[in-house]
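# Architecture and fold: a report
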Amino acid sequence: MDISVVIPLFNEEESLPELTEWIERVMNSNGYTYEIIFVNDGSTDRSMDVIKSLASKNPNIHAVSFSRNYGKSPALNTGFRKAKGDVVITMDADLQDSPDEIPELYRMITSDGYDLVSGWKKKRYDPLSKTLPTKLFNATARKVSGIKNLHDFNCGLKAYRKDVVKRIEVYGDMHRYIPYLAKNAGYKKIGEKVVHHQARKYGVTKFGLDRFVNGYLDLATLWFQSKFGIKPMHIFGLLGSLMFMIGFLAVVTVLVMKLVSMNSETYHFYITKSVYFYLSLAFMVLGVQFFCTGFIGEMITRNSPERNSYLISEEF
Ligand code: UDP
Ligand code: MG
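Residues numbered from 1 in each chain as written. Chains lettered and ligands numbered in written order. Predicted model: local features only at pLDDT ≥ 70, side-chain atom pairs only at ≥ 80, totals over all residues.

Moving on, we come to the site of ligand 1. Inspection of the region around ligand 1 gives 17 residues, with Pro 8, Phe 10, Ala 93, Thr 205 and Lys 206 positioned closest. Of the residues contributing to the shell around ligand 1, the split by class is 6 nonpolar, 5 polar and 6 charged. (Near = placed C-beta within 6 Å. Nonpolar A, V, L, I, M, F, W, Y, C, P; charged D, E, K, R; others polar.)

What follows is the structure in structure tokens.
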């Protein structure tokens, strides 16, 4: 099979027939063998009925339906597990991404040898409240991830070589950083293609302003994971040891000063009035805490099997 199109959706009943028809048209005119995988992320509208009726007319249409709204990342991850095509293309269900981009994306993966090609909505049709923070977001993501050639990390339209999606795990809200996930998994050839973008035709956006707060926290997590995820002790152990050493030096200082003052007639030293006493307390406690956090981190990195198990209500 040439192409799997993975489409996460949450309450997009109006867009689905038009989107499906458009994808079918592109696939047929280019002669691709394909499948469309709809991942219904707990829609409360008639989306699932619409998908069922579309699937009854086209055997290439498949669906997974979550029993509740888990989020775009779990939806993508589930679609990735199911995908069988050599090239996997993700797109949003709201008709903001154009299926006409599929042939060129496919070519870039199969002929140009890219592992991942991300769409770039160079000209966006979204409100300013969204486009402006997005610029800042992308600049930060470029800096932290070291993927300097990407302008638009969070574009829903992306193409992947099959083994990329099988290797990465998209969880939480990490769909904003899939190129970074791919890079951390060892895929280096990450490219970009300018894509056409349209204003949302039906329905409303499913993400609010909290996306920016959460986005930065996720970036911090990913940065930490890529640096110390495998060896948390390397950061916590270092910090812990440094702090413990400072604390220990402070204890020695306090003891020496006390001993000196005990043998002196004129010099009076009160332990609880010394700054070193408080330094020793704080730093030794902090040091031990960092060290223990490191050990716990080491154990956690070895045990996280539940991160991607979802309650699936139906699948076909
Ligand atoms: N989406 C989803 N689960 C969610 C939120 C969104 O599957 O919890 C889907 C949504 O239906 C759409 C895509 O993710 O297909 C992108 O969402 P949206 O268009 O609302 O994001 P925006 O374009 O405003 O960034
Ligand atoms: Mg959209």
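Bringing the domain arrangement of the chain into the picture now. Looking at the chain, the domain boundaries give domain 1 (3-229) and domain 2 (233-299). Placing the centre of domain 1 and that of domain 2 at their C-alpha centroids yields a distance of 51 Å. (Domains from an automatic or database assignment.)

A few words on the nonpolar core. Counting residues in hydrophobic clusters, the biggest one holds 59 residues, and the most contacted among them are Val 5, Val 6, Ile 7, Ile 89 and Tyr 177. Dropping the residues within four chain positions of it, Val 6 is found in contact with Ile 37, Val 39, Leu 76, Gly 79, Phe 80, Ala 83, Val 88 and Thr 90. (Core = buried A, V, L, I, M, F, W, Y, C linked by C-beta atoms within 7 Å. Buried ≥ 20, exposed ≤ 12 C-beta atoms within 10 Å, placed from the backbone. Contact = placed C-beta atoms within 7 Å.)

Since the α-helix turns once every 3.6 residues, residues separated by three or four places project in the same direction. Counting buried positions along helix H3 (residues 72-82) gives 9 out of 11 residues, so the element sits mostly inside the fold. Lys 72, Ser 73, Pro 74, Ala 75, Leu 76, Asn 77, Thr 78, Gly 79 and Phe 80 are the residues of H3 that are buried. Of the surrounding elements, those touching the buried residues of H3 are strand E1 (3-9), strand E2 (34-40), strand E3 (61-66), strand E4 (87-90) and helix H6 (162-167). (Helix = DSSP H or I, 4+ residues; strand = E, 2+ residues; numbered from the N terminus.)

Moving on to the packing of helix H9 (residues 233-262) against helix H10 (residues 275-302). Interaxial distance between H9 and H10 falls to 7 Å at its minimum, and their mutual angle equals 160°. The angle between H9 and H10 places the two elements in the roughly antiparallel class. As H9 packs across H10, the resulting crossing turns out to be left-handed. Here the contact of H9 with H10 is built from residues that sort into 20 nonpolar, 10 polar and 1 charged. (Axes fitted to C-alpha atoms, helices over the stretch in contact; angles between N-to-C directions. Parallel < 35°, antiparallel > 145°, perpendicular 65-115°, else oblique. Left-handed = near helix turned anticlockwise from the far one by under 90°.)

What follows concerns helix H2 (residues 47-57). Taken residue by residue, H2 has Ser 47, Met 48, Val 50 and Ile 51 as its buried positions. Down the axis of H2, the smallest arc covering the buried residues is 155°, so these residues share one side. Those residues of H2 that are exposed and aimed more than 90 degrees away from the buried face are Asp 49, Ser 53, Ser 56 and Lys 57. Each element contacted by the buried residues of H2 is listed here: E1, helix H1 (16-30), E2 and E3. (Arc of directions from axis to C-beta.)

So, about the packing of H1 against H2. Running from N to C, H1 and H2 cross one another at 30°; their axes reach a closest spacing of 10 Å. In this structure, H1 meets H2 at a crossing whose hand is right-handed. Taking contact as the criterion, the partners of Leu 16, Pro 17 and Thr 20 in H1 are, on H2, Ser 47, Val 50, Ile 51 and Leu 54. Considered class by class, the residues forming the contact of H1 with H2 number 5 nonpolar, 2 polar and no charged.

Let us now look at unusual backbone geometry. Although it is not a glycine, Asn 11 adopts a positive phi angle of roughly 55°. For Asn 11, the location among the structural elements is in the loop between E1 and H1. The backbone phi angle of Leu 95 is positive, close to 70°, even though this residue is not glycine. Locating Leu 95 in the fold gives a position in the loop between E4 and helix H4 (102-110).

Of the two faces of E4, both are covered, the one formed by Val 87 and Ile 89 as well as the one formed by Val 88 and Thr 90. Direction of pairing for E1 relative to E4: parallel, over a ladder of 4 bridges. Bridge pairing in E4 places Val 5 opposite Ile 89. (Pairing = 2+ DSSP bridges.)

The residue Asp 92 is located in the loop between E4 and H4 in this model. Asp 92 gets classed as partly exposed once you count the C-beta atoms within 10 Å, which come to 19. In this structure the C-alpha to C-alpha distance between Asp 92 and Leu 9, which are 83 residues apart in sequence, comes to 7.1 Å. Setting aside residues up to four positions removed in sequence, Asp 92 forms contacts with Asp 97 and Gly 156.

Our next topic: the environment of Ala 185. As for its placement among the helices and strands, Ala 185 is situated in the loop between helix H7 (178-184) and strand E7 (190-194). Note: C-alpha distance between Ala 185 and Leu 9 (176 residues apart in sequence) is 26 Å. When residues no more than four places from it in sequence are discounted, the contact partners of Ala 185 are Arg 167 and Ile 168.

Attention now goes to the pairing of strand E5 (residues 116-120). The buried fraction of E5 is high, at 4 of 5 residues. In this sheet, strand E6 (residues 158-161) lies alongside E5 in antiparallel orientation, the contact comprising 3 bridges. Directly across from Leu 116, in E6, lies its bridge partner Tyr 160. Two strands pair when backbone bridges link them, and E5 and E7 are joined in this way by 5 bridges, in the parallel orientation. Of the residues in E7, the one forming a bridge with Gly 119 is Lys 193.

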